[in-house]
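Inside the fold
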Amino acid sequence: MTTPAAAQRRIEAAAFVAAIELRVDPGSGVERFSGPMIGGEATLQVSGRWALAVRVGDGSLTARTPGGLNRDVGELSAEGRVRAGTELSFSAGASRRVYSTELARQRWNTLQLGVEGRLPFLGGAMQAVARGALLPVVAVNGLDHPKTAYTIGTGIEYQLGQGAIGIVYSLERYNFPAKAMTQRLEQVSALTVRGALRLGRGRTP
Amino acid sequence: MGQSRLRSTRDTARTYFDLAYDREPLEDTLPALGPGQLLSEQVTDAAARADLLKALGVAAAAVVISDHLTSRDLGRGMPSASRALAGVAVVTGGISLVYRRRHRDLPENVAENARRRAERLARNDAILRRNQERIARTVLVIAPAAGIGSPP
């Protein structure tokens, strides 16, 4: 017999594909890179309110400005989420992202504190999603900590039985402190399409 | 009034008694479910418009993020992608509005209201049953009224 706690514990598996654009101004002009990223995500709903999620992604960014080096990007992140009501949740997590070129490898380790709001419509068949997160810790090898770092996004999710399909536009911004009259700026824009399948009983994380 | 068997005299006496029903208090039945206790069984125009506004909000937010929250020095971030999402949101909102106006019934809410009404009815039936049992157990108590006796 399934206990109530076990009934709430379930896994959601998701796959995503994203179009990503990376813009970097190291102080000598804007460099632009863009390309696809694919990945997967697993979410374990550990109780009615708490969930743990792990996400991996891999992509390839092509330089769109002269002189830029193509780069691969890989990402691994984990976060815990807690519901605060039916339409609001908070999260805390860590991620590691690596940009690799033929010449160098840049590692980004970040901690994030986020909030996500979901407004159901069409009787719950769809949800308007808005999310944002502060990145209080961003450690990049060879760079100082950015003085401003956050991510923000919005999108729509469609519920389809035990599955869901969502599309989200998101933006990450990093403003590094100025040094020697130059300031490094970076931003990552992404349009992500994500499909998810629930593998158990319970509520959406 | 009484009559003596020995003498042909009559006399009257007046005695007071207290009559009381000894019964457990009866329970009140639950009041009828008010509008605030029942879910809307049909989609209102306001709800349909609210759905459209949510979708338009997503569309507007995507454009604002790409056009105004990006760095001015770096330029807008994938404006075509934000427009694509905005378009999807607007179309979704439009479809939602039309669908909600053509399909106003909310069967889940109808079922939930029926469940709430049945629950109230069942609880009221139980209350009435308990009250009837208490009424059946009512005891008539007859006791001399204290402090009141026959007139001298």
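So, a few notes on the structure that sits alongside this text. (Residues numbered from 1 in each chain as written. Chains lettered and ligands numbered in written order. Predicted model: local features only at pLDDT ≥ 70, side-chain atom pairs only at ≥ 80, totals over all residues.)

1. A short note on the overall build of chain A
- Secondary structure summary: chain A contains 1 helix and 10 strands in total.
- Here the C-alpha radius of gyration of chain A, 18 Å, is about what a compact globule of 205 residues would show, namely 17 Å.
- C-alpha extents for chain A along the principal axes are approximately 65 × 30 × 25 Å.
- Taken over 205 residues, chain A has a buried fraction of 31%.
- A separation threshold of at least 6 residues defines the contact pool for chain A, and within that pool the share at least 24 residues apart is 53%. (Helix = DSSP H or I, 4+ residues; strand = E, 2+ residues; numbered from the N terminus. Rg over C-alpha atoms; globule rule 2.2 N^0.38 Å. Buried ≥ 20, exposed ≤ 12 C-beta atoms within 10 Å, placed from the backbone. Contact = placed C-beta atoms within 7 Å.)

2. What about the nonpolar core?
- In terms of nonpolar packing, the biggest core is built from 32 residues, with I20, Y169 and L191 of chain A together with V58, A62, L85 and A89 of chain B touching the most fellow members.
- With 6 residues, helix α1 (residues 45-68) of chain B is the single largest residue contributor to this core.
- Not counting chain neighbours up to four residues away, the residues in contact with L85 of chain B comprise G155, I167, Y169 and L191 of chain A together with A62 of chain B.
- In terms of nonpolar packing, the next biggest core, distinct from the first, is built from 6 residues, A133, V138, A149 and F176 of chain A among them. (Core = buried A, V, L, I, M, F, W, Y, C linked by C-beta atoms within 7 Å.)

3. Some thoughts on the sheet that holds strand β1 (residues 10-25) of chain A
- Spatially, β1-β2-β3-β4-β5-β6-β7-β8-β9-β10 (chain A) is the arrangement adopted by the 10 strands of the closed barrel, whose pairing is antiparallel. Going from strand to strand, the sheet's axes swing by 20° on average, the running direction of each strand aside.
- Each of β6 (105-121), β7 (126-140), β8 (148-160), β9 (163-175) and β10 (185-198) of chain A is contacted by α1 of chain B, which is oriented at about 145° to β8 of chain A, the strand it contacts most. (Pairing = 2+ DSSP bridges. Axes fitted to C-alpha atoms, helices over the stretch in contact; angles between N-to-C directions.)

4. A closer look at the interface of chain B and chain A
- Taken together, the 28 residues of chain B in the interface contact 24 residues of chain A.
- Secondary structure elements with two or more residues in the side of chain B that touches chain A: α1 and α2 (79-102) of chain B.
- Ranked by the residues each element gives to the side of chain B that touches chain A, the list is headed by α2 of chain B, at 10 residues.

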